[in-house]
Amino acid sequence: MNLHVTINNEPKDFICQPTDTLLDLLRREAYSGVKVGCSNGDCGICAVLLNGRTVNSCVVLAAHCQNKKIETIEGIANKDGTLHPLQKAFLDEGGAQCGFCTPAMILSAKELLDENPNPTDADVREAFSGIICRCTGYVKPIAAVLAAAQEMRDAKGGATA
Amino acid sequence: MNEAKTLPFEKKAIGKSPWRVDGIGLVTGTAKFTDDIFLKNMLHAKILGSPHAHARILEIDTTAAEKLPGVVIVLTYKNVPRVPHTTAGQGYPEPSPYDTFMFDTKVRFVGDRVACVAAETPEIAEQALKLINVKYEALPAVFDVREAMKEGAPIIHDEPDADGIHDRKHNIAAHYDVEIGNLANGLKEADFVFEEEFETQYAQHCALEPHVCIGYLDDNHRIVLRTATQVPWHARRIVAQCLQIPVNQIRVIKPRIGGGFGSKQEVLLEDLCALITVRTRRPVKIEYTRREEFIASRTRDPSIVKMAIGVKKDGTFTAIDQRVTSWTGGYGGHSLTLLTNVGSKTLPFYHCKNVRFWGDSVYTNLPVTGAYRGYGATQGAFAMEQVMDMIANKLGIDPIELRKKNHIQKGETNPVFAALGEGKEGHDNPIESCGLDECIDRAAAAIGWNTKHRRYQKRDPNAKIKRGIGMACLMQGSGIAGIDMASARIKMNEDGSFNLLMGATDLGTGSDTILAQIAAQVLGVTTDKMLTYSSDTDMTPFDKGAYASSTTYVSGGAVKKAAEACRDKILKVAAEMLKEDVANLRCENAKVVSKSGKEVPFPNIISRSLYGQNQFQIEGEASHVSYVSPPPFAAHFAEVEVDTETGQVRVVDYVAAVDCGVAINPKLAEGQVEGAVMNGLSYALCEEMVFDELGRMLNPSFFDYRLFTTVDAPKIKTILVETYEPSGPFGAKSIAEIGINGPLPAIANAIYDACGVRMKKAPFTPERVLAAILAGK
């Protein structure tokens, strides 16, 4: 079947099978920042943004994404190549260890911060609740999101906590 | 108090937390893990696992599978070499029985290898597995080590060509015993003897990246294995052994790894990938599914640890006896060393003249156990640190004081170190750094021990939800003394940057970064001037692999020496240029600076060396072995709430203080503690592989095998207590494993403090805790 989607703001047309998952499609098209952890919707590390919402791409059919907007970790940095504040904060805070779940965490955090620029620790925990990370104990990824939120608020020059 | 106040060097590149050297790739999605290359014409292979826990394969008919369009090759015991070996990636010769074959005519656990199909697509390979007709003769199976050791139990390894099994008639894969002093006399001298038995469960590492390997042939038809491994050199050696080809025909490349925690200290897929690649001349990928990861990779070995500790009224220990029986599952890869580590990481911890260790690692028809962060020390600490708590309670002294009175100190050693090493006698291990008392004091203050311990119940004895606090002290090692070797090479580039080529295997811990920091510290540059490339058996020198808490300490030692060798050459060239004596020169801020104030920048030095006079490549190479394994020490404190009506345990607060010597990179060091502690908490409270009466795992998915997520995770406070370890690179010791050993005993002790029940069996599920509470009433 023919599929039209927007990936990281670029319009794309693919031919895919009705049984292809979004994960299959993205990895086949070399968006290798999307990782495979369980193929069952349990671990959350294949998360991408679909029309701004995190989905586990292993349990979303590619066909379901017709004419929709997909964001992957490859599209998060600024166009000039500078890092998104979340990416920078993950590096500053040591939020990435093996890095296998990091794309999913950064995308989930982006969804959170897009809606709630002033999240609490509990908000971040809720946003990450569908993602399993075995390396970090979640401590530094949460700190990274809170630091990025602060930086983004500061950059806007306005609201504080 | 803080013995590291005056370090014999000034921290420059180390002691800081720069961005990880692989960080940009990790946060932008460009990091290439094993599966992140896309080869044309690649085959996909799938493994047929045994449905039986114990069975003989009478016949395999692969005709239908081979006829399925798209199937390229089917491997079974009929068409692969039969070579007894071990899958455990350890130094050679391995301390393991050779009880494994690529394929055997017998299967020993549900999920054991029966056949492998490579096909054009994963779907075809999967479909072909169903067309393989296997005739099994089911054999009686045994799942409990106590049953497996009995006379008349099914013999799991009856194949005559297996080698190195301790006592196959009783299914004992490995045994070790040693006595220091006289245990019987020690027990007689005691005022009290505490005899207790503890049992831990099957658990899985749950690295988010499953085992995955891609094999292909290079331009000259050599096998390249791109694989998620913690042990590239052992993988190369074991694959060569299995295929009976020389190691020169194999190159192992370790890309970025998505976590290992010990599970990837094992050769599970590489042999199949290599053989399929050789026979088909095509690239092939094998990746475990999550289900296979649970049942067919490796797991933590459940253990029964029986302790008998004799103690005087004043808290002096007169005897310590530790009897360990552990599950090795269907194969015995890590059986001996896991076993001895239970004792070697707990028995030397406390002063006692009469000590005995006695251990058996026993085959059953359950999944194979193996290396898992903590490596036996976790099970040992669970037992030892609960008995410490019992003793303190009985004697009416503070558990902290009991530990402080008895734990090993700087300047001391313990005969257990020499008597009980890595599956054999070890090396004496004089302690040259120990910050444990400071760990205890700072963690106790952070959690409020003095106002809480033994006080909650007095305040509110009738509360339904009871609070309690507990603590545990821990030690691990830093590499395996006298066995682990690492090497590194550093060469200088025209712009004053350096290629750091290391055998050391970064499995996601950040070791590439901290090793770069060590080299940068020696060479007087910032860490970003180090271009790291690690773990490629063709391109980098040897390293034992990433296990046994060895990378910072052993590999770091090699990197430091290599950097020093490189520095010496830089200084020699600079001495010619500056017409100064080498003794007056030092490397600083990417320059060589003399005491007289003259200086020359690195690019000028290397430019002269590559293009000017007496040309040569400025580089350094070194290997490192340590004959001591300095323990990191830690004190963990847990505060819990126990719901006495449901048995639910909630961790309210957790503090982990650790002495890892000098933290090369404090944030990465903290990250190691936090990750290990969270894994330990999850293991203590909810993780358990559950099996039915036929040995089938009932919960092989993240949906049914629960591990902590952000909504379960308590806040963890990490305290790094700095000491200076003279034998380590810039005073460093290890940190990766020790943190996982604390939650089991600390939480168990806290549960006791809360409601007076002793949790001797893990995990502390609501069901088990409630049963213990009801039994105590």
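Residues numbered from 1 in each chain as written. Chains lettered and ligands numbered in written order. Predicted model: local features only at pLDDT ≥ 70, side-chain atom pairs only at ≥ 80, totals over all residues. Heavy atoms only, no water.

A.B. asks: What exactly am I supposed to notice about the overall build of chain B here?
C.D. replies: Counting its regular elements, chain B contains 21 helices and 28 strands. For chain B, whose C-alpha radius of gyration is 27 Å, the value lies close to the compact-globule estimate of 28 Å for 777 residues. Seen along its three principal axes, the alpha-carbon backbone of chain B occupies a region of about 85 × 75 × 50 Å. Each of the 777 residues in chain B was classed as buried or not, and the buried ones make up 66%. At a minimum sequence separation of 6, the contacts of chain B that also span at least 24 residues come to 79%. Of the roughly 26,100 Å² of accessible surface on chain B, a fraction of 51% belongs to carbon and sulfur atoms. When the 88 basic and 95 acidic side-chain charges of chain B are each reduced to a single mean position, those positions are 3 Å apart. (Helix = DSSP H or I, 4+ residues; strand = E, 2+ residues; numbered from the N terminus. Rg over C-alpha atoms; globule rule 2.2 N^0.38 Å. Buried < 20%, exposed > 50% of the residue type's maximum accessible area, 1.4 Å probe, protein only. Contact = heavy atoms within 4.5 Å. Areas by Shrake-Rupley, 256 points an atom, 1.4 Å probe, with all protein chains shown as cover. Lys, Arg positive; Asp, Glu negative; His and termini not counted. Charge placed at Lys NZ, Arg CZ, Asp CG, Glu CD.)

A.B. asks: What's the story with helix 18 (residues 602–611) of chain B in this structure? I'm lost.
C.D. replies: Because an α-helix completes one turn every 3.6 residues, residues spaced three or four positions apart along the sequence face the same direction. Looking at helix 18 of chain B, one finds that the buried residues are B:Phe602, B:Ile605, B:Ile606, B:Arg608 and B:Ser609. Taken around the axis of helix 18 of chain B, the buried residues stretch over an arc of 155 degrees, which confines them to a single face. (Arc of directions from axis to C-beta.)

A.B. asks: Can you help me understand the sheet that holds strand 8 (residues 192–199) of chain B in this one?
C.D. replies: Residues and elements named next belong to chain B. The sheet built from 5 strands is open, its strands ordered 7-17-16-15-8 with mixed pairing. Looking at which strands have only one partner, the edges of the open sheet turn out to be strand 7 (172–180) and strand 8. Taking each pair of neighbouring strands and ignoring which way they run, the sheet shows an average axis angle of 5 degrees. The pairing of strand 7 with strand 17 (residues 355–363) spans 8 bridges and is antiparallel. (Pairing = 2+ DSSP bridges. Axes fitted to C-alpha atoms, helices over the stretch in contact; angles between N-to-C directions.)

A.B. asks: Even after reading the chapter, I still don't get the pattern of salt bridges, so can you show me in this structure?
C.D. replies: Side chains that differ in sign of charge can pair as their charged atoms come close. Applying the stated criterion across every chain, the model contains 66 salt bridges over all chains. Salt-bridge contacts for A:Glu93 lead to B:Lys667; the nearest nitrogen and oxygen are separated by 3.9 Å. Placement of A:Glu93 in helix 2 (residues 85–93) and of B:Lys667 in helix 19 (residues 666–685) is noted, with the two residues assigned to different chains. Residue classification places A:Glu93 among the partly exposed positions, given a relative accessible area of 22%. Connected via shared salt-bridge partners are A:Arg27, A:Lys35, B:Asp35, B:Asp36, B:Lys285 and B:Glu287. (Salt bridge = Lys/Arg side-chain N within 4 Å of Asp/Glu carboxyl O.)

A.B. asks: Looking at this structure, how should I read the sheet that holds strand 28 (residues 716–720) of chain B?
C.D. replies: Working definition: the strands of a sheet are paired by backbone hydrogen bonds and lie parallel or antiparallel to each other. All names here are of chain B. Read from one edge to the other, the open sheet built from 4 strands follows the order 18-26-27-28, with strand pairing classed as mixed. In this open sheet, the two strands that pair with only one neighbour each are strand 18 (465–475) and strand 28. Pairwise comparison of adjacent strand axes, ignoring direction, gives a mean angle of 10 degrees for this sheet. As paired strands, strand 26 (residues 633–643) and strand 27 (residues 649–659) are joined by 10 bridges and run antiparallel to one another. Each residue of the ladder has a partner; that of alanine 638, found in strand 27, is tyrosine 654.

A.B. asks: Just checking my understanding: could you explain the interface of chain A and chain B for this structure?
C.D. replies: Frequently, the measure chosen for interface size is the accessible area that the parts lose on association. Counting residues at the interface gives 45 residues for chain A, matched by 50 residues for chain B. Interface area for chain A against chain B, summed over the two sides, is near 3,900 Å², with a carbon-plus-sulfur share of 60%. Its largest share of buried area at the contact with chain B, chain A owes to A:Leu91, A:Gln97 and A:Arg134, together 22% of the area lost on that side. In this assembly, chain A and chain B are joined by 7 salt bridges. For B:Glu674, the salt bridge is made with A:Lys140, and the minimal N-O distance between the two is 3.2 Å. Summed over the shared surface of chain A and chain B, the number is 24 residue pairs in polar contact (both at pLDDT 80 or more). (Buried area = accessible area lost by both parts, 1.4 Å probe. Polar contact = N/O pair within 3.5 Å; in protein donor to acceptor, adjacent residues only side chain to side chain.)

A.B. asks: Sorry if this is basic, but what is going on with the confidence of the model for chain B here?
C.D. replies: The predicted coordinates of low-pLDDT regions are not to be read in fine detail. Confidence in the prediction for chain B averages 97 pLDDT; 99% of positions are at 70 or higher. Reported confidences for the modelled complex are a pTM of 0.97 and an ipTM of 0.97. (pLDDT = per-residue confidence, 0-100.)

A.B. asks: Can you walk me through the environment of B:Tyr77 in this structure?
C.D. replies: All names here are of chain B. The residue tyrosine 77 is located in the loop between strand 3 (71–75) and strand 4 (106–107) in this model. Placed 38 residues apart in sequence, tyrosine 77 and alanine 115 show a C-alpha to C-alpha distance of 7.6 Å. Setting aside residues no more than four positions away along its own chain, tyrosine 77 makes contact with Ile57, Leu58, Glu59, Ile60, Phe103, Asp104 and Thr105.

A.B. asks: Would you explain the packing of helix 16 (residues 511–523) of chain B against helix 17 (residues 551–578) of chain B in this entry?
C.D. replies: A pair of packed helices is captured by two measures, namely the crossing angle of their axes and the spacing between those axes. Residue and element names in this part refer to chain B. The interhelical angle for the contact between helix 16 and helix 17, taken along N-to-C directions, is 35 degrees, at an axis separation of 8 Å. In the packing of helix 16 onto helix 17, the handedness of the crossing is right-handed. Contact residues: Ser511, Ile514, Leu515, Ile518, Ala519, Val522 and Leu523 in helix 16; Thr551, Thr552, Ser555, Gly556, Val559, Lys560, Ala563, Glu564, Cys566, Arg567 and Ile570 in helix 17. (Left-handed = near helix turned anticlockwise from the far one by under 90°.)

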